[in-house]
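# Structure assessment
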Amino acid sequence: MVLAAFHYLADIIPPTQKITDVRVEAIQPVTKDQKTIWKLVLSYDNVGDFPFDKKREYKQFEVDDTDGRVLEMKPVDGK
Amino acid sequence: MENNLSNLDEIERFRFSHYDTHLIVDTSALLLFLVGVYDPDYVEHCPLLTENGKYYKKKQFELIEKIFQRFPGKIIITPHVLSEVNMLSKKIGEEYRNDYFLALVRELEKHQEYCIPLKVLLKNGAIVEFGFTDISLIEAAEKNKWIVLTDDLRLYMAFNTKVPMINFNRVVAMEQLGVSY
């Protein structure tokens, strides 16, 4: 499921945008509509045009346990 | 200084290179540890550890216990955290409560208390967003160069570049993925 989320992230990032240092921040199984869903959070550095111009971003994914499909991706907002 | 400690190996290495450092513990992480100390088999039945997005089991207690064992005599608890633990512990089933509180008292005797003065907390603008408990951890960690142990992703996101933090969710994730520790 981590790979599924990672590939999903890599696919939706525009080619002009560069991300580095992808990390798994959390994984949690949840039951939704009698199905097991994995909620996971990935973080990465979103690098701008210059190396010092980078920002850590966090995205939460829901991945279907049966077929590894990414059902949802949303940003994790800080408080 | 490495600010993101993801597994027991990294925590161990950090301990060797920062011998005097202490571990300051957030409320949920402390509750998981205390309930597990009381009875590891009760963890997955305890509503405090299985509701509101939590899914803790005996395995996660064993993991947090290993983290605590790496800081013998160097676990720090703030009065704010203790107050939250006390309040939340009242939700534990009545049939368990007496024995749980006895175990809690025995365990807390081994740890240290640290208080950040109210005036210091009030000067921290982040109080509005994070509240007194979270900011007491951050202020104490920043002042003393201690490590914060939390399972609050938003707290971690906001402060992990400022003070060393262990995101317990990440340690659990690494363990689930079979990353060696």
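Nothing here was measured: the structure is a model prediction, and the numbers come from that model.

### Focus on the overall build of chain A
Scanning chain A for helices and strands turns up 1 helix and 4 strands. Taken from the N to the C terminus, the helices and strands of chain A come in the order α-β-β-β-β. Projected onto its principal axes, the C-alpha positions of chain A cover 45 × 30 × 15 Å. When burial is assessed residue by residue, chain A has 20% of its 79 residues classed as buried. Taking all contacts inside chain A whose residues are at least 6 apart in sequence as the whole, residues at least 24 apart take part in 41%.

### Things to note about the nonpolar core
If you look at the biggest cluster of nonpolar residues, it comprises 70 residues, and the most contacted ones within it are Leu40 of chain A together with Ile24 and Ile147 of chain B. Here the element with the most residues in this core is helix α2 (residues 27-38) of chain B; it accounts for 8 residues. Every residue in contact with Ile147 of chain B, bar those within four places of it in the chain, is listed here: Leu5, Thr21, Leu23, Ile24, Ala141, Pro164, Met165 and Ile166 of chain B.

### Let's talk about the sheet that holds strand β1 (residues 18-32) of chain A
Residue and element names in this part refer to chain A. Across the sheet, 4 strands lie side by side as β1-β2-β3-β4; this open sheet has antiparallel pairing. The two strands at the open ends of the sheet, each matched to only one other strand, are β1 and β4 (70-75). With strand direction ignored, the average angle separating the axes of adjacent strands in the sheet is 20°. In the sheet, β1 pairs with strand β2 (residues 35-47) via 12 bridges, with the strands oriented antiparallel. Across the sheet, residue Gln28 finds its bridge partner in β2, namely Lys39.

### Quick look at the interface of chain B and chain A
Across the boundary between the two partners, chain B contributes 13 residues, which contact 12 residues of chain A. Those elements that place two or more of their residues in the side of chain B that touches chain A are α8 (127-144), α9 (153-159) and α10 (168-176) of chain B. Grouping the amino acids of the side of chain B that touches chain A by side-chain chemistry returns 7 nonpolar, 3 polar and 3 charged.

### Notes on unusual backbone geometry
Note: most peptide bonds trans; most residues except glycine with negative phi. All names here are of chain A. Non-glycine residue Asp21 carries a positive phi angle of around 50°. When you line up the elements, Asp21 lands in strand β1. C-beta crowding within 10 Å serves as the criterion here: with 11 such atoms nearby, Asp21 is assigned to the exposed category. Of note, Gln34 is a non-glycine position whose phi angle comes to about 60°, a positive value. Within the fold, Gln34 resides in the loop between β1 and β2. The exposure class assigned to Gln34 is exposed, which follows from the 5 C-beta atoms found within 10 Å.

Rules used in this analysis
- Along every chain, residues carry numbers that run from 1 in the direction the sequence is written.
- Numbering of ligands from 1 and lettering of chains from A proceed in the order in which they are written.
- Only residues with pLDDT of at least 70 are given local features in this predicted model, and only at 80 or more are side-chain atom pairs given and counted; all residues enter the totals for whole chains, interfaces and linings.
- Working definition: helices are DSSP H or I runs of at least four residues, strands are E runs of at least two. Numbering for both runs from the N terminus.
- Counting other C-beta atoms within 10 Å of a residue's own tells you its class, since 20 or more makes it buried, 12 or fewer makes it exposed, and anything in between is partly exposed; those C-beta atoms are placed from the backbone.
- Working definition of a contact: two residues with C-beta atoms, positioned from the backbone, lying within 7 Å.
- Defined on buried residues, the nonpolar core groups Ala, Val, Leu, Ile, Met, Phe, Trp, Tyr and Cys residues joined through C-beta atoms within 7 Å.
- Pairing between two strands requires that DSSP report at least two bridges joining them.
- Lines are fitted to the C-alpha atoms to define the axes, a helix being fitted only along its stretch in contact, and any angle between axes, read from their N-to-C directions, falls within 0 to 180 degrees.
- Classification used: nonpolar for Ala, Val, Leu, Ile, Met, Phe, Trp, Tyr, Cys and Pro, charged for Asp, Glu, Lys and Arg, polar for all others including Gly.

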